[in-house]
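# Fold and contact review
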Amino acid sequence: MPSHVRPLFIAVTLALSAPAMAPAQTTAVPSIDKWMAPASPLTLVSAKRVDRLAFMVYERGQRNVYTAAAPDFRAQRLTRFLADDGIDLTDVKISDNGQVVVFVRGSAPNRWGWIANPNHDPAGGDRAIWAVRTSGGPAWRVATGASPELSPDGQWVLFTRDGQIHRARVLRTGPVSVADSGGVPLIRLWGRNGSPRWSPDGKRIAFVSEREHHAFVTVYDVATRTVQYVAPSVDCDGSPSWSPDGRYLAFARTPGTPFGLQRRTPPGNDNPAVGCGNGFGAPASTAVTEGQSNLVRAPGFFTSSLPGGYRLALMVADVAGAKNITSPLVAAQIPAREVWHNGVGDSVFTSLANMTWAGKSIAFPVNVPKDEWERWYAVPATGGSPVRLTTTDGIIEDATSVAWSRDGGRTMYYTTNAGDIEKRHIWAVPTDGSAAPVRLSAGDGVETYPQPLASGKQIAVLAFGARTPASVALVPTSGGAPRIIYPTLARDFPQAAHVTPEVVKTRAEDGLEISNQLFLPRDLKPGEKRPAIVFVHGGPRRQMLPAYHYMQFYHWSYATNQWLADQGYVVLSVNYRRGVGYGKSFRDAPNARDKGNSEYLDVVAGAKYLQQRAEVDASRIGIWGLSYGGLLAAQALARNSDIFVAGVDMAGVHHYDYSLDSTSSGFRSAAIGAIEQWKSPVFLVHGDDDRNVDFAQTVGLVQLLRARNVYHELMVVPDDLHESMLHANWIDTFDRMGVFLKRFVWNRETPPAMR
């Protein structure tokens, strides 16, 4: 039955992994369906030359592209993918003129090369680049590929396949050749070629050609079909970024690979081994292992540097003004000059990854040692010292947290929790460092994913509230409250049933303070004692908020916690150590994971806090979580069945390093290290095409539970991923979870014997 016609109340019988058991009890719980019904915008982009947005929307498993444009910004659906088919939709890009949107349908391949196929299509999964016009009309398939780089005019997309750069025509008016569909490489050069970047006028393409122990930045001229190497050397060049006028190209240079670290490409391989490393540049040194004291230790054998002894340089090439230099031995070249370099032994400025030409500067993120927060710096394109842009103290999470104004990037917009550590808001700072950052988005909600509009008057954001799910909103660049433009919530969405979570602090056994969100039922009466549920997020580099979350699963987790509170549970969401949002010391807390599992102390502290609350029945506490949250749920049931009477473990890790040495830290820190103490019932959920947590983690745990007659219910989802791609599966999973918790936490049923 489609999820949108499921009844509000369902009756589920759970006896999934024990067919020989006595008949299981049947318990009615309210379905989660309406709580997960709203359309959820998940990604957001804006055009550079017109005030138009494009965004991906998830609605009951349907994934579609929408657009909205000035002046009224009325949202319109562009695509018609109207089935809950589990096919992902990502990489949404919009042309500079706002007329074309491209996107990718299909999930990335697993380690065996298989595209995800959660709907069990006998033809298998497919991953391809698609396109659609913002003026209307059906979407069309462009090419097999992913990570499209859309040309400024929307005519072409670039993508990489097998270490070569391909190009496919987006707008088609006649027969399509093999080259037009990306069937053959546009540029075929020795090396592993990637990171293509169109110049702002679309006349050139910059890319990185990585060779065995060095890498070149290369420029392809579209009209003349010629290639030029930018200041080729023995070093590792990467991270190309065009100036706003397209005349200049900035790139990073780090040293090539010394003899002691070089690897050789096996004979017969078409492409070289990756010698520069994913971040470009050979390691500064490598340890001489025990028993190899005869290795040469002199400088340069295992160490590398640029001229002058430093290891990082910012280079700028005048591409438009360069003259070809040709000879029988040297290909066409473009000279470049060094505009800045780090110091010898510099531990602060060690990378220019993700750098962007912004205004008259080049901006880049920096992981400053002993600084609790992420920072962005900028170096003038003409040379000078780095200037810190983000003087705010707060997290700046990833690429979706940063955007640049459409006037050439003179303003940096970013998402941070500075000044409001439990939430996220939009800030702005000039990229020349001439003024301090200012907060733009006002109000008590959460705002992320800034996308400035071409007019410079507004920024589009994704906005969230304690009672309002994901929305697209507009914020004035002068500052102000977000104005929601999409979606309009349905009348039957239980918005009034939501509670506003309270942020409460707990203290772990070792003294570390932990932040949590407490959900108290609306109908709680004085003197009443309710069962409680602890929720533990995954990651572990996540932070739950007192509002709907900006990541899809945690958006649903928040809805699930609200749903549980509406059923009458007291719910505590624990932001345990190793999560983000509270500084790097908290994120990198010692003695965690397989080195002692110190984060579990925070889970126990949360449960004991609940036990001490007057509204909670201390004998009825459960736990649930996915991924690292599943790991901690399993830990709770194994180590403290005396506290946690039941739990739900979704795609959890139960064995860190597959060592069965009972004295090892990894074994003792894992759930299996305390398996003999596991008494409480557990509901296990796992998709067997999980690309994050090996399905074998659940296979092995079930064997241990069976051997000890521990009651467990099992939901295995063939062909599904770490987080299910099918909405119907999520409704089924959470509804079954509701029944399981009702039986073993609320009602404290005695688990049936496993046979």
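Going by the structure above, here's the rest.
What comes next is a walk through the structure. Keep in mind it's a predicted model, so treat the numbers as computed, not measured.

### Quick notes on the overall build of the protein chain
Secondary structure assignment for the protein chain yields seven helices and 43 strands. Expected size for 755 residues packed as a compact globule is a radius of gyration near 27 Å; at 27 Å, the protein chain falls within 12% of this value. Looking at the protein chain as a whole, 56% of its 755 residues qualify as buried. Nonlocal contacts in the protein chain, meaning residues at least 24 apart in sequence, comprise 58% of its contacts between residues at least 6 apart. Total accessible area computed for the protein chain in this model is approximately 30,900 Å², and 51% of it derives from carbon and sulfur atoms.

### Examining the packing of aromatic side chains
One pass over the structure, following the stated rule, counts 28 aromatic pairs. Taking 6.3 Å as the distance between ring centres and 35° as the angle between the ring planes, the aromatic pair formed by Trp340 and Phe364 counts as tilted. Taken together, the residues Trp340 in strand β23 (residues 336-341) and Phe364 in strand β25 (residues 361-366) connect sequence positions 24 residues apart. Among the residues examined, Trp340 registers a relative accessible area of 9% and is labelled buried. When the centroid spacing of 6.4 Å and the interplanar angle of 70° are considered together, the rings of Phe553 and Trp624 count as edge-to-face. Here Phe553 is found in helix α1 (residues 552-567), whereas its partner Trp624 is found in strand β40 (residues 616-626), with 71 residues between them in sequence. With respect to class, Phe553 is no different from Trp624; both count as buried. What links up through ring pairs into an aromatic cluster is the set Tyr58, Phe535, Phe553, Tyr554, Trp556, Trp624, Trp730 and Phe734. A cation over a ring is seen here: Arg105 above Trp130, with NZ or CZ 5.9 Å from the ring centre.

### Here we look at the sheet that holds strand β8 (residues 100-105)
Spatial ordering of the open sheet is given by β7-β8-β9-β10, a layout of four strands whose pairing is antiparallel. Each end of this open sheet is capped by a strand with a single partner; those strands are β7 (89-94) and β10 (140-144). The sheet shows a mean angle of 25° between the axes of neighbouring strands, direction not considered. The pairing of β8 with strand β9 (residues 128-133) spans six bridges and is antiparallel.

### Considering helix α6 (residues 696-707)
Spanning 12 residues, α6 covers 17 Å between terminal C-alpha atoms, matching the ideal 16 Å at 1.5 Å per step. Burial in α6 covers these residues: Gln697, Thr698, Leu701, Val702 and Leu705. The arc enclosing the buried residues of α6, seen along the axis, measures out at 125°, which places them on a common side. Considering only its buried residues, α6 is in contact with β41 (646-650), β42 (682-687) and β43 (712-717). Directly beyond the C-terminal end of α6, a positive phi value near 55° is found at Asn709.

### Some words on the packing of helix α3 (residues 599-612) against helix α4 (residues 628-639)
Relative placement of two packed helices is described by the angle separating their axes and the distance separating the axes. Closest axis-to-axis distance for the α3/α4 pair is 10 Å, and the angle between their directions is 65°. Our classification of the angle between α3 and α4 gives roughly perpendicular. The handedness of the crossing between α3 and α4 is right-handed. Two secondary-structure elements touch here, α3 through Glu599, Tyr600 and Val603 and α4 through Tyr628, Leu632, Gln635, Ala636 and Arg639.

Reading the values: rules and limits
- Residues numbered from 1 in each chain as written.
- Predicted model: local features only at pLDDT ≥ 70, side-chain atom pairs only at ≥ 80, totals over all residues.
- Heavy atoms only, no water.
- Helix = DSSP H or I, 4+ residues; strand = E, 2+ residues; numbered from the N terminus.
- Rg over C-alpha atoms; globule rule 2.2 N^0.38 Å.
- Buried < 20%, exposed > 50% of the residue type's maximum accessible area, 1.4 Å probe, protein only.
- Contact = heavy atoms within 4.5 Å.
- Areas by Shrake-Rupley, 256 points an atom, 1.4 Å probe, with all protein chains shown as cover.
- Phe/Tyr/Trp six-rings, centres within 6.5 Å; stacked < 30°, edge-to-face > 60°.
- Lys NZ or Arg CZ within 6 Å of the ring centre and 35° of its normal.
- Pairing = 2+ DSSP bridges.
- Axes fitted to C-alpha atoms, helices over the stretch in contact; angles between N-to-C directions.
- Expected span 1.5 Å × (residues − 1).
- Arc of directions from axis to C-beta.
- Parallel < 35°, antiparallel > 145°, perpendicular 65-115°, else oblique.
- Left-handed = near helix turned anticlockwise from the far one by under 90°.

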